[in-house]
Amino acid sequence: MKILVPVKRVIDYNVKPRVKADGTGVDLANVKMSMNPFDEIAVEEAIRIKEAGKAEEIVAVSIGPTKAQETLRTALAMGADRAILVETDEEVEPLAVAKILKAIADEEQPGLVLLGKQSISDDSNQTGQMLAALMGRPQGTFANTVAVDGDSVEVKREVDGGLETVKLTLPAIVTTDLRLNEPRYASLPNIMKAKKKPLDSKTPADFGVDVAPRLTTTNVAEPPVRQAGEKVADVDALVEKIKALGIA
Amino acid sequence: MNTLVLVEHDNSSVNDATLAVVTAAGKLGEVTALVAGHNCGAVADGAAQIAGVSKVLKADDAAYANGLAENVAPLVAGLMDSYDAFLAPATTSGKNIAPRVAAHLDVMQISDILSVEGGKTFTRPIYAGNAIATVESADPKLVITVRGTAFEKAETTGGSASIEDASGPGDAGISSFVSAEIADGGDRPELASAGVIVSGGRALKDGETFESVITPLADKLGAAIGASRAAVDAGYVPNDYQVGQTGKIVAPEVYIAIGISGAIQHLAGMKDSKVIIAINKDEDAPIFQVADIGLVADLFNAVPELTQKLG
Ligand SMILES: Cc1cc2nc3c(=O)[nH]c(=O)nc-3n(C[C@H](O)[C@H](O)[C@H](O)COP(=O)(O)OP(=O)(O)OC[C@H]3O[C@@H](n4cnc5c(N)ncnc54)[C@H](O)[C@@H]3O)c2cc1C
Ligand SMILES: Cc1cc2nc3c(=O)[nH]c(=O)nc-3n(C[C@H](O)[C@H](O)[C@H](O)COP(=O)(O)OP(=O)(O)OC[C@H]3O[C@@H](n4cnc5c(N)ncnc54)[C@H](O)[C@@H]3O)c2cc1C
């Protein structure tokens, strides 16, 4: 079985995003960018499935600017076997990302596609589900545990009330949640080796996908800023405040 | 505009998350509520009572019993010939189903809306709520998920909608439900709709300590219990307690953060709370920058004392 892992280059989670003064977006100039944390979890899970002898090859894919190569090299250094960059400087919406991934899946015929549940930039939480619909295949979203068994996979999902387990016929699409695993760090030798692993470059046009956006962002604004209140001296003062709120 | 709202339920009653969606849909036009489930007549009856709902569609089939997206999404897509917009709550179930519907219809979903600005224009948070984007759709139909804390809840009574049967392709045959481990919170309010939330962080040390420090205070205040990701990852509490960008978004009347530093991912999930109270031993903890009331203290002394003095 082959595993396809889409990885997205996003603002590093430690960086506090700043809205541009002209309301056109978030300032990404000179900001540290990294692999979306949920996608690191997806790469890790793919590697573990391969290490368990249940997959032969891991292909990482990114849709984004030339610099997304760095993100792909990170995936290769962690343990992916080869990478595909679909190069574009446009902001590609999840629906178009899903269409490109569908075209790649048609060529690669993966048994499993492992994605992040959401990117921490746009927080859309859509791409995996859309890909699953376009492929006509089942989806296991917000995965806490993934168990591949023959021609099916059992996915334990993190849902609002707790956990839910579903059984999906392969090929299937799985999106990762935080508790699925703890991603490894790439070792220095593996980072060196990753530089020699194959990385193909393509464009959206190669797959005949129209990436024209369906949504226009007309404004990006700062949310209302919350002001810090007061600090109270001791528990007695806090008790007074809480009683004044009428909740005790 | 004709809108179709996905009713969230457990085959016996309507989940509260649906009510904010009805309000959002009402801002766009006429509201039809879709109840897809199995032996879900009581849910359809409940949905028909919701103020603002003019029609209920009931799709009663074993294939819809567990809300599997593979089965529900084609049902919705089929019904969308008669509707201009599909709206679902931004819950794990809505987030599972809606994008699949959007792809079937070849439209871009608008996730987690905060407001309706016009027939095709909405605001939504991006970058963990550090920015609010206004987006306009060019698609012929709308697929939307709604942030529950951003809209008033529709009244659960006062409506008198008609109930009609609907059907779809049924079981797609590619997925099945195996089991669920859904915690029974007993009398404790649900995190998503609680008026008061007491949340604990990494500082609580372990599950037992979390329970012995946080639970008595929550009991006294009739509060729901939440947690930071660090507390969940360390196994102090189950995953569905996580508040934040990648957990639950809450906006109670009062949010009490105990031993939580206030990372942006945590703030993203609770900074719209009406009153924020923080207890932390580090006076420079970022949580104090958003707290209305702060107490710099060791929680292991302060919280038991607080619980006791609240009488
Ligand atoms: C400030 C701002 C302004 C924007 N303006 C516009 C605009 O004007 N026009 C416009 O069309 N869009 C705009 N966008 C939207 C943006 O370009 C994408 O639509 C969005 O970032 C993709 O959604 P997501 O990654 O959150 O998807 P999600 O569904 O949250 O991503 C889930 C998973 O899908 C996979 N994935 C997603 N994207 C990729 C990728 N590129 N490569 C590989 N894997 C991927 C990853 O595994 C990821 O974890 C804007 C976004 C922002 C933040
Ligand atoms: C992709 C991604 C998604 C994330 N999503 C979320 C999310 O949804 N929700 C979330 O919460 N986090 C999320 N995080 C994690 C987030 O970045 C922080 O790591 C986390 O919120 C920290 O939890 P904490 O405040 O409990 O722990 P810490 O940051 O370790 O803070 C502990 C606090 O307790 C205080 N303390 C210690 N001892 C005492 C004592 N005896 N008395 C009083 N105070 C004490 C300390 O001063 C400190 O401020 C995410 C991270 C990533 C990368």
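Residues numbered from 1 in each chain as written. Chains lettered and ligands numbered in written order. Predicted model: local features only at pLDDT ≥ 70, side-chain atom pairs only at ≥ 80, totals over all residues. Heavy atoms only, no water.

Caption draft 1: Representation of the site of ligand 1 within the structure. Around ligand 1, a shell composed of 30 residues is seen, among which Lys-8, Asp-39, Ile-63, Glu-91 and Thr-127 of chain A lie nearest. Ligand 1 is flanked by residues contributed from chains A and B. Asp-39 of chain A is positioned with one of its side-chain polar atoms (N or O) 2.5 Å from an oxygen atom of ligand 1. Taking Val-92 of chain A, its main chain carries an N or O atom lying 3.3 Å from an oxygen atom of ligand 1. Burial of ligand 1 by the protein amounts to 91% of the accessible area it has alone, namely 960 Å². Counting residues per element, the ones that place at least two in the shell around ligand 1 are strand S4 (57–64), helix H3 (94–108), strand S6 (112–116) and strand S12 (215–221) of chain A. A per-element tally of the shell around ligand 1 places S4 of chain A first, with three residues. (Near = heavy atom within 4 Å. Polar contact = N/O pair within 3.5 Å; in protein donor to acceptor, adjacent residues only side chain to side chain. Areas by Shrake-Rupley, 256 points an atom, 1.4 Å probe, with all protein chains shown as cover. Helix = DSSP H or I, 4+ residues; strand = E, 2+ residues; numbered from the N terminus.)

Caption draft 2: Quick look at the nonpolar core. Counting residues in each nonpolar core, the largest one holds 96 residues, and the members touching the most others are Leu-4, Val-56, Phe-86, Leu-87 and Ile-144 of chain B. Sorting elements by how many residues they give to this core places H3 of chain A first, with nine residues. Counting 42 residues, the second-largest nonpolar core is a separate cluster that includes Met-35, Ile-41, Val-43 and Ile-49 of chain A. (Core = buried A, V, L, I, M, F, W, Y, C linked by side-chain atoms within 4.5 Å. Buried < 20%, exposed > 50% of the residue type's maximum accessible area, 1.4 Å probe, protein only.)

Caption draft 3: Just a nonpolar patch on the surface, in detail. Residues and elements named next belong to chain A. A cluster of nonpolar side chains, contributed by Leu-188, Ile-191 and Met-192, occupies part of the molecular surface with about 290 Å² of accessible area. Note that Ile-191 resides in helix H5 (residues 188–194). Note on Ile-191: relative accessible area 34%, which makes it partly exposed. (Patch = residues over 30% accessible without salt bridge, like charges linked within 9 Å, V, L, I, M, F, W, Y side chains within 5 Å. Salt bridge = Lys/Arg side-chain N within 4 Å of Asp/Glu carboxyl O.)

Caption draft 4: Inspection of the interface of chain B and chain A at higher detail. Each partner contributes residues to the interface: chain B has 84 residues there, and chain A has 79 residues. Our count for the chain B to chain A interface comes out at seven salt bridges. Note that Glu-181 of chain B and Lys-156 of chain A form a salt bridge whose closest N and O atoms lie 3.5 Å from each other. At the junction of chain B with chain A, the criterion picks out 42 residue pairs in polar contact (both at pLDDT 80 or more). Within the side of chain B that touches chain A, the residues separate by chemical class into 41 nonpolar, 23 polar and 20 charged. (Contact = heavy atoms within 4.5 Å. Nonpolar A, V, L, I, M, F, W, Y, C, P; charged D, E, K, R; others polar.)

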